[in-house]
Structures are given as structure tokens and as C-alpha cells.
Amino acid sequence: MHNSHDILIVLVPVILLLGLGVIAAVGSRTLGLNPIVGYLTLGLGFHAAGLNSVSDTSTISMLAELGIVFLLFDIGLHFSLGHLSDQARDIFGFGSL
């Protein structure tokens, strides 16, 4: 049985990253950008600063996989065949570059 202190040690980095993610999303929306831009900026900022708020690599791996799942879910929500056909020239022309 885990004691509550051990559980709190695991949850603090996750709560910190989720809170900063919310701030990044709101900030990017305020600037008129997609929240994904805020998340990427936050991740690049952490990497550039060398901050290791999460030292457990399994936690980082799990959060990265969840981020990819949510990104694909968001893309799926905004996907439409009409939009794809309207932008087919740009997608297939610039996509090959």
C-alpha cells in the first residue's frame, strides 16, 4: 500500500505540467493562435532552460503518449472531407516538400 506522501510526489509534476499547459493554451488563444502552439512553446522552453521537473522517464513517456493521443483526437475533431478537398493543392503540394 502506498502512503499518501508517495502518491503526492508522483502527482505534483503531473499537476504542475497540466497547470502550465492550461496557462500556455490560454496564452496562445489570447494571441489568436492554436493552443498546440502554446504547448510546443512550453515544451521548447522547458527543454531550452534545462528544467527537469519530472525526473522519472516513465512519467515523461506516458505524458508524451497522451499528448500524441490528444493531438490526434483534436485533428480528428476538425477533420472534414470538404476542408480537405478545398486545401488539397496546398496539402499535397507543400506536404511533399
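One can find the structure itself at the top, above this paragraph.
Residues numbered from 1 in each chain as written. Predicted model: local features only at pLDDT ≥ 70, side-chain atom pairs only at ≥ 80, totals over all residues. Heavy atoms only, no water.

Engineer: Just checking my understanding: could you explain the packing of helix α1 (residues 4-30) against helix α2 (residues 35-49) for this structure?
Structural biologist: How two helices sit against one another is set out by the angle between their axes and by the gap between those axes. Interaxial distance between α1 and α2 falls to 7 Å at its minimum, and their mutual angle equals 130°. Judged by the angle between their axes, α1 and α2 are oblique. For the pair α1 and α2, the crossing hand works out as right-handed. Only Pro 35, Gly 38, Tyr 39, Leu 42 and Phe 46 of α2 make contact with α1, whose side of the interface consists of Leu 17, Leu 20, Gly 21, Ala 24, Ala 25, Ser 28 and Arg 29. In the contact of α1 with α2, the residues fall into eight nonpolar, three polar and one charged. (Axes fitted to C-alpha atoms, helices over the stretch in contact; angles between N-to-C directions. Helix = DSSP H or I, 4+ residues; strand = E, 2+ residues; numbered from the N terminus. Parallel < 35°, antiparallel > 145°, perpendicular 65-115°, else oblique. Left-handed = near helix turned anticlockwise from the far one by under 90°. Contact = heavy atoms within 4.5 Å. Nonpolar A, V, L, I, M, F, W, Y, C, P; charged D, E, K, R; others polar.)

Engineer: Would you mind going over the environment of Ala 24 with me for this structure?
Structural biologist: Relative to the assigned elements, Ala 24 resides in helix α1. Residue Ala 24 is classed as buried on the basis of its relative accessible area of 15%. Separated by 14 residues in sequence, Ala 24 and Gly 38 place their C-alpha atoms 4.7 Å apart. Non-local contacts of Ala 24, meaning those with residues more than four positions away in its chain, are made with Gly 38, Tyr 39 and Leu 42. (Buried < 20%, exposed > 50% of the residue type's maximum accessible area, 1.4 Å probe, protein only.)

Engineer: Help me understand α2 in this model?
Structural biologist: Count 3.6 residues to each turn of an α-helix, and residues three or four apart come out pointing the same way. Helix length check: α2, at 15 residues, gives a terminal C-alpha distance of 21 Å against a target of 21 Å (1.5 Å per residue), a fit within 8%. Buried within α2 we find Pro 35, Gly 38 and Phe 46. Down the axis of α2, the buried set is contained in an arc of 70°. They therefore lie on one face. Set apart from the buried face of α2 by more than 90 degrees, the exposed residues are Leu 40, Thr 41, Leu 44, His 47 and Ala 48. Tucked into the core, α2 has its buried residues touching α1. A positive backbone phi angle near 70° is found at Gly 50, which sits one or two residues after α2. (Expected span 1.5 Å × (residues − 1). Arc of directions from axis to C-beta.)

Engineer: Can you walk me through the environment of Pro 35 in this structure?
Structural biologist: Residue position: Pro 35 is located in helix α2. Using a relative accessible area of 13% as the deciding quantity, one classes Pro 35 as buried. Along the sequence, Pro 35 and Ala 24 sit eleven residues apart, while their C-alpha atoms lie 7.1 Å from each other. Setting aside anything within four residues of it in sequence, one finds Pro 35 in contact with Ala 25, Ser 28 and Arg 29.

Engineer: Help me out: how do you make sense of α1 in this one?
Structural biologist: Helix length check: α1 (27 residues) gives 38 Å between terminal C-alpha atoms against 39 Å at 1.5 Å per residue, within 8%. Along α1, the sharpest change in direction is near 30° and occurs at Leu 11; proline Pro 13 comes one to four residues later. Buried residues of α1: Pro 13, Val 14, Gly 21, Ala 24, Ala 25 and Ser 28, and no others. One or two residues past the end of α1 sits Gly 32, with phi positive at roughly 80°. (Bend = angle between axes of the 7 residues up to and from the residue.)

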